[in-house]
Every structure is written in structure tokens, then in C-alpha cells.
Amino acid sequence: QVHLIESGGGLAQTGGSLRLSCAASGRDSNNVAMAWFRQIPGQEHDFVATISGSKGATYYGDSVKGRFTITKDNAKNTAYLQMNNLEPEDSAVYFCAARSGPFASVRRSDYDYWGQGTQVTVSS
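In this report, we go over the structure that sits alongside the text. (Residues numbered from 1 in each chain as written. Predicted model: local features only at pLDDT ≥ 70, side-chain atom pairs only at ≥ 80, totals over all residues. Heavy atoms only, no water.)

### Details of the side chain of E6
Operational definition: Only DSSP runs of H or I reaching four residues or more are called helices, and only runs of E reaching two or more are called strands; each is numbered from the N terminus. A 1.4 Å probe rolled over the protein chains alone gives each residue an accessible area, and that area as a share of the maximum for its type sets the label: buried under 20%, exposed over 50%, partly exposed in between. Think of it this way: Lys and Arg go in the positive column, Asp and Glu in the negative one, and His and the chain ends go nowhere. One speaks of a salt bridge when a side-chain nitrogen belonging to Lys or Arg is within 4 Å of a carboxyl oxygen belonging to Asp or Glu. N or O atoms closer than or at 3.5 Å make up a polar contact, with two conditions inside protein: a donor-capable atom paired with an acceptor-capable one, and, for residues adjacent in sequence, both atoms drawn from side chains. In this description, contact between two residues means that some pair of their heavy atoms is separated by no more than 4.5 Å.
One can find E6 in strand β1 (residues 3–7). Buried charge without a partner: E6 forms no salt bridge, and the closest opposite charge is R108, 11 Å away. In terms of polar contacts, E6 uses its side chain to reach the backbone amide nitrogen of G117, at 2.5 Å. Apart from residues no more than four positions distant in its own chain, E6 is found in contact with S21, C22, W36, Y94, F95, C96, G115, Q116, G117 and T118.

Okay, structure coming up:
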């Protein structure tokens, strides 16, 4: 079982930065792959970024490449999403996710555990 707590959302201006954190806890939380997805009301979850649990391999959605960076502190079981050069189109609820095992995936259906979500709003 893995429990996820997100923090760090809020309001930013276009071109600004925010950093999201996702702390994992529970008996199965060590070295799990973690990811960020985002959702605009009425739409599907969009893949943002993922990081593997062991070697730290990362993958990004096309719309955030070069602007967002995902990292993971395995000692703290915490993943981070550094978001730079924010755009109004980045406004969404951001969800942290974790899956059993260390292998990253870009597919929402591969993730077993989800956080409650944190709102990010980028003003123009």
C-alpha cells in the first residue's frame, strides 16, 4: 500500500515557476516509480512526467519538455516536479501517482496509487 501527499500548487504568472512535491509513505513505498498527471475539468488526465524507482530514468509529455523537471529523493520517498516558464495552458489540477515496482510508465492505467491533487493556476 502507498499513500501519496502532494503539496506546492498555487498561483503563478506566465513565465514564472512552481515546484510540486509528492511524499510517498506506506509499506510498499520504497523505490516505486512515480509520475505526475494533470487534469482540466471535463477532460482526461494528461501525462506530464514520470521517473523510475531505481535508476531515475525520466520521461516527459511533449508539452512540458524543456520546461518541467521531475526528480526523486529515494531517501525521503519524495518526488518533485519543478515547473519553469509556466504558461496559462499549464493550469490544471496536478496529480501525483505511483505504481507497484520500479519501472516508469506514461500510461495512467499503469498507476495503482494516486494523490488528492493540487491546483496550479497560471495567469496571463
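### Brief notes about the state of the cysteines
Such a bond, covalent and formed between the sulfur atoms of two cysteines, is termed a disulfide. What counts here: Note that a disulfide, as used here, is simply two cysteine sulfur atoms within 2.5 Å.
Applying the stated criterion to the full structure yields one disulfide. Note on cysteine connectivity: C22 is disulfide-linked to C96, with sulfurs 2.0 Å apart. The S-S bond linking C22 to C96 shows a torsion near -80°; that makes this disulfide left-handed. Of the two residues, C22 sits in strand β3 (residues 18–25) while C96 sits in strand β9 (residues 92–99), which places them 74 residues apart along the sequence. The burial state of C22 is the same as that of C96; both residues are buried.

### Observations regarding the pairing of β3
Rules: Here the rule is simple: two strands pair whenever DSSP picks up at least two bridges between them.
Judged from the five bridges that link them, β1 and β3 form a sheet pairing that is antiparallel. Paired with L4 across the strands is A24, a residue of β3. Relative to strand β8 (residues 78–83), β3 is paired through six bridges, and the arrangement is antiparallel. Within β8, the position partnered with R19 by the bridge is Q82.

### Some words on the sheet that holds β8
What counts is decided by this rule: Convention adopted: a line fitted to C-alpha atoms gives each axis, helices being fitted over their contacting stretch, and angles between N-to-C directions are expressed from 0 to 180 degrees.
The strand order across the open sheet built from four strands is β1-β3-β8-β7, with neighbouring strands paired in antiparallel fashion. At either margin of the open sheet sits one strand with a lone partner, and together these are β1 and β7 (68–73). Mean inter-strand twist for the sheet, computed between neighbouring axes without regard to direction, equals 15°.

That's the geometry; what it means functionally is another story.
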